[in-house]
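Geometric and topological summary
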Amino acid sequence: MPADFSLSPLIAATAQWLTRAYPPGGGALDHARAEAQARQAVTVAAWLRYPTAMDAALVAVAGPGGSARLDGVTGADAAETGAEEPDAWRTWVDEVVASWAASLLSTPGLAAAAMEALAGSPHLEGAPVEFRRLVDPDEHDRRAAPLLRHPDLLAPIAELHREQLLHRLGDRLAG
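Moving on to the overall build of the protein chain. Within the protein chain, the secondary structure is distributed over 10 helices and zero strands. Reading the helices (α) and strands (β) of the protein chain from amino to carboxyl end gives α-α-α-α-α-α-α-α-α-α. Taken across its 175 residues, the protein chain has 41% of its residues classed as buried. Sequence separation of 24 or more characterises 85% of the internal contacts of the protein chain that already satisfy a separation of 6 or more.

This is the structure in structure tokens:
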């Protein structure tokens, strides 16, 4: 089983959490563009966090931890939604991956360094993968996701685990 396949629920849930916490502006096209940006950022962050098939398999078995702390930081507690029980998808949200994705979305230099760090990764083998909306968003992408790319708004989430991301990227940040 490819490593990215076992990360699919984690990537989907974490991207959904980001787009709900930082909703897009405009209509359906803006929503699709914002969702694509969130998914690309979360995918890169997940691949950095879980670089091997074994890492991906372990998180699939143990579970990523859920969105409770993230909800508390953003003020988007499940209790506010009126539901007695939180949505099941929230259990697949990975706090570290969400934090790293927030850093990648709000700091273009980190996104480029992350892509460089993934060079040669088993996650990139096989199919052509393109992360243009993350690394080089155009004006339409930026307008579609003003909250999702706003450094000040993302700071509380990005700062949770930014040091771990910077450590993982290491020397790539100097270049």
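So much for the structure itself; the text now carries on.
Moving on: the packing of aromatic side chains. All chains considered together, the criterion is met by two aromatic pairs. Here the aromatic rings of W17 and Y22 are separated by 6.4 Å at their centres, their planes lie at 80 degrees, and the arrangement is edge-to-face. The buried category is assigned to W17, whose relative accessible area is 1%. With 5.7 Å between their ring centres and 90 degrees between their planes, W47 and F131 make a pair best called edge-to-face. Here the residue W47 occupies a position in helix α3 (residues 28–49), and F131 occupies one in the loop between α7 (108–117) and α8 (132–135), the gap between them amounting to 84 residues.

Turning our attention to the confidence of the model for the protein chain. Overall, the prediction assigns the protein chain a mean pLDDT of 90, with 90% of residues at 70 or greater. Taken element by element, the predicted model of the protein chain shows its lowest mean pLDDT in helix α1 (residues 3–6) (63) and its highest in helix α6 (residues 95–106) (98).

By size, the foremost hydrophobic cluster in this structure holds 45 residues, and its most contacted members are L7, L18 and L104. Only α2 (8–21), α3, α4 (53–62), α6, α7 and α10 (151–169) provide two or more residues apiece to this core. Here this core gets nine residues from one element, more than from any other, and that element is α3. Each residue touching L18, except ones within four places of it in the same chain, is listed here: A38, V42, A98, A101, L105 and L148.

Further remarks concern the environment of P64. For P64, the location among the structural elements is in the loop between α4 and α5 (68–74). Through-space distance from the C-alpha of P64 to that of E95 is 7.6 Å; in sequence the pair is 31 residues apart. Every residue in contact with P64, bar those within four places of it in the chain, is listed here: L10, V59, T91, W92, V93 and D94.

Let us now look at the packing of α6 against α10. Between α6 and α10, the shortest axis-to-axis distance is 7 Å and the interhelical angle comes to 105 degrees. Between α6 and α10, the angle falls in the class roughly perpendicular. On α10, the residues touching E95, V96, A98, S99, W100, A102, S103, L104, L105 and S106 of α6 are P151, L154, I157, A158, E159, L160, H161, R162, Q164, L165 and R168.

Inspection of every chain in the model, using the stated rule, returns 10 salt bridges. D141 is paired through a salt bridge with R33; the nearest N and O atoms lie 2.9 Å apart. Of the two residues, D141 sits in helix α9 (residues 139–144) while R33 sits in helix α3, which places them 108 residues apart along the sequence. Since its relative accessible area comes to 0%, D141 is described here as buried. Here R33 falls in the buried class, since its relative accessible area comes to 16%. The closest approach of N and O atoms between R133 and D141, which form a salt bridge, is 2.5 Å. Residue classification places R133 among the partly exposed residues on the basis of a relative accessible area of 22%.

What counts and how
Residues numbered from 1 in each chain as written. Predicted model: local features only at pLDDT ≥ 70, side-chain atom pairs only at ≥ 80, totals over all residues. Heavy atoms only, no water. Helix = DSSP H or I, 4+ residues; strand = E, 2+ residues; numbered from the N terminus. Buried < 20%, exposed > 50% of the residue type's maximum accessible area, 1.4 Å probe, protein only. Contact = heavy atoms within 4.5 Å. Phe/Tyr/Trp six-rings, centres within 6.5 Å; stacked < 30°, edge-to-face > 60°. pLDDT = per-residue confidence, 0-100. Core = buried A, V, L, I, M, F, W, Y, C linked by side-chain atoms within 4.5 Å. Axes fitted to C-alpha atoms, helices over the stretch in contact; angles between N-to-C directions. Parallel < 35°, antiparallel > 145°, perpendicular 65-115°, else oblique. Salt bridge = Lys/Arg side-chain N within 4 Å of Asp/Glu carboxyl O.

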